[in-house]
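In case you want the letters, here they are:
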Amino acid sequence: MDNQIVRQQLQDAYQKRVAMRVYQDKKIPQEDLDTILDAAWLSPSSIGLEGWRFVVLENAAVKEAIKAVSWGAKSQLETASHFILLIAEKNARYDSESVYDSLVRRGISEPEAIKTRLKQYQIFQESDMEIADNKDRLWDWTAKQTYIALGNMMTSAALLGIDSCPIEGFPYQKVNALLDEYGVIDSNKEGIASMMSLGYRLEDPKHPRQRKERHTVISTFN
Ligand SMILES: Cc1cc2nc3c(=O)[nH]c(=O)nc-3n(C[C@H](O)[C@H](O)[C@H](O)COP(=O)(O)O)c2cc1C
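Residues numbered from 1 in each chain as written. Predicted model: local features only at pLDDT ≥ 70, side-chain atom pairs only at ≥ 80, totals over all residues. Heavy atoms only, no water.

### Let's talk about the overall build of the chain
In terms of helices and strands, the chain carries nine helices and four strands. Sequence-ordered secondary structure for the chain, helices as α and strands as β, is α-α-β-α-α-β-α-α-α-β-α-β-α. Taking the principal axes of the C-alpha coordinates as reference, the chain spans close to 60 × 50 × 35 Å. Across the 222 residues in the chain, those meeting the buried criterion constitute 43%. Counting only contacts in the chain whose residues sit at least 6 apart along the sequence, the fraction spanning at least 24 positions is 80%. The averaged location of the 32 negative side-chain charges in the chain is 5 Å from the averaged location of its 28 positive side-chain charges. (Helix = DSSP H or I, 4+ residues; strand = E, 2+ residues; numbered from the N terminus. Buried < 20%, exposed > 50% of the residue type's maximum accessible area, 1.4 Å probe, protein only. Contact = heavy atoms within 4.5 Å. Lys, Arg positive; Asp, Glu negative; His and termini not counted. Charge placed at Lys NZ, Arg CZ, Asp CG, Glu CD.)

This is the structure we're talking about:
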């Protein structure tokens, strides 16, 4: 089958997607939003952990509180149709409940099979990634996986003609504290990894997009 149509749709979406800071006063239809969220839900994660949650933030008080401290989210919080919080799990060590649960979820239930897998994950986290005994590195491991979901959501949005902006311009400790205070997260177990705004552009960007020359970032090594 010739992929010409899909290729063109993808190229159009990549070309059209820009980081959008100010949106029109127009709501995204629920079906489109649900499809964008499905892209996050169905994204791949290391060892199938799914150490994440995606929260559509509708609460005005929490939005105001984030806006007050977040330079990178201010205009988006004022105008976006929807605002998503990407939350990542802390302490996803090989011997944690969530790693165990991820095995059971994927149909691995024999005690011997579970033991073998957990041993593999222990080696992976201890020797390969060297994250097992460092809470910060363990957090980085789950947080960086949420960027896969972030990318998938942005591309899905672009294909649906919806604009977006990834956001990490905020003080993490303060935002975690206020999300905990409002009951959005349990900051002992999880933390904010990034945020994303969604909506329809108010206007096209004034300047053409700048990128490094393609050949300087894409190569084949024979
Ligand atoms: C991980 C990440 C975090 C970002 N954080 C912010 C942010 O906090 N606020 C903002 O306005 N833009 C943010 N951006 C948007 C970038 O500035 C923008 O993607 C980049 O300048 C390239 O422009 P383009 O997306 O229009 O191609 C972020 C982008 C990424 C990928």
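### As for the side chain of Ser 98
The topology assignment puts Ser 98 in helix α5 (residues 97-105). The exposure class of Ser 98 is buried, given its relative accessible area of 18%. Reaching out from Ser 98, the side chain makes a polar contact with the side chain of Glu 89 at a distance of 2.4 Å. Aside from chain neighbours lying at most four places away, what touches Ser 98 is Leu 49, Glu 89 and Ala 92. (Polar contact = N/O pair within 3.5 Å; in protein donor to acceptor, adjacent residues only side chain to side chain.)

### A closer look at the pairing of strand β4 (residues 190-199)
Every other side chain in a regular strand lies on the same face of the sheet, so the side chains alternate between the two faces. Most of β4 sits out of view: ten of its ten residues are buried. Taken together, the eight bridges between strand β2 (residues 82-89) and β4 define a ladder with antiparallel strand orientation. Across the sheet, the residue bridging to Glu 89 is Glu 190, located in β4. Here strand β3 (residues 163-167) runs beside β4; their pairing, made up of five bridges, is antiparallel. Bridge assignment links Cys 165 to a residue of β4, and that residue is Ser 197. (Pairing = 2+ DSSP bridges.)

### Considering the site of the ligand
With respect to spatial proximity, 14 residues lie near the ligand, and among them Ala 19, Arg 21, Gly 72, Gly 169 and Arg 211 are the closest. Within the backbone of Ala 19, one N or O atom sits 2.8 Å away from an oxygen atom of the ligand. The contact in question runs from a nitrogen atom of the ligand to an N or O atom on the backbone of Gly 72, over 2.9 Å. Burial of the ligand by the protein amounts to 66% of the accessible area it has alone, namely 620 Å². In terms of residues, the shell around the ligand owes the most to one element, β3, which gives three residues. (Near = heavy atom within 4 Å. Areas by Shrake-Rupley, 256 points an atom, 1.4 Å probe, with all protein chains shown as cover.)

### Brief notes about the nonpolar core
In this structure, Ile 66, Phe 83, Leu 85, Leu 179, Ile 192 and Met 195 are the most contacted members of the largest nonpolar core, which totals 24 residues. Contributing elements (two or more residues each) for this core: α3 (60-69), β2, β3, α8 (172-181) and β4. Those residues in contact with Met 195, other than ones at most four positions away along the chain, are Ile 66, Phe 83, Ile 84, Leu 85, Leu 86, Leu 150, Cys 165, Pro 166, Ile 167, Phe 170 and Val 175. Within the second largest apolar cluster, 19 residues are counted, among which are Ile 28, Trp 52, Ala 157 and Tyr 200. (Core = buried A, V, L, I, M, F, W, Y, C linked by side-chain atoms within 4.5 Å.)

### Side note on the pattern of salt bridges
Across all of its chains, the model carries eleven salt bridges by this definition. We note a salt bridge from Glu 78 to Lys 74, for which the minimum N-O separation is 3.5 Å. Linking Glu 78 with Lys 74, this pair stays in helix α4 (residues 74-79), spanning four residues, or about one helical turn. Residue classification places Glu 78 among the partly exposed positions, given a relative accessible area of 47%. Its salt-bridge partner being Arg 93, residue Asp 95 comes within 2.7 Å of it at the nearest N-O pair. (Salt bridge = Lys/Arg side-chain N within 4 Å of Asp/Glu carboxyl O.)

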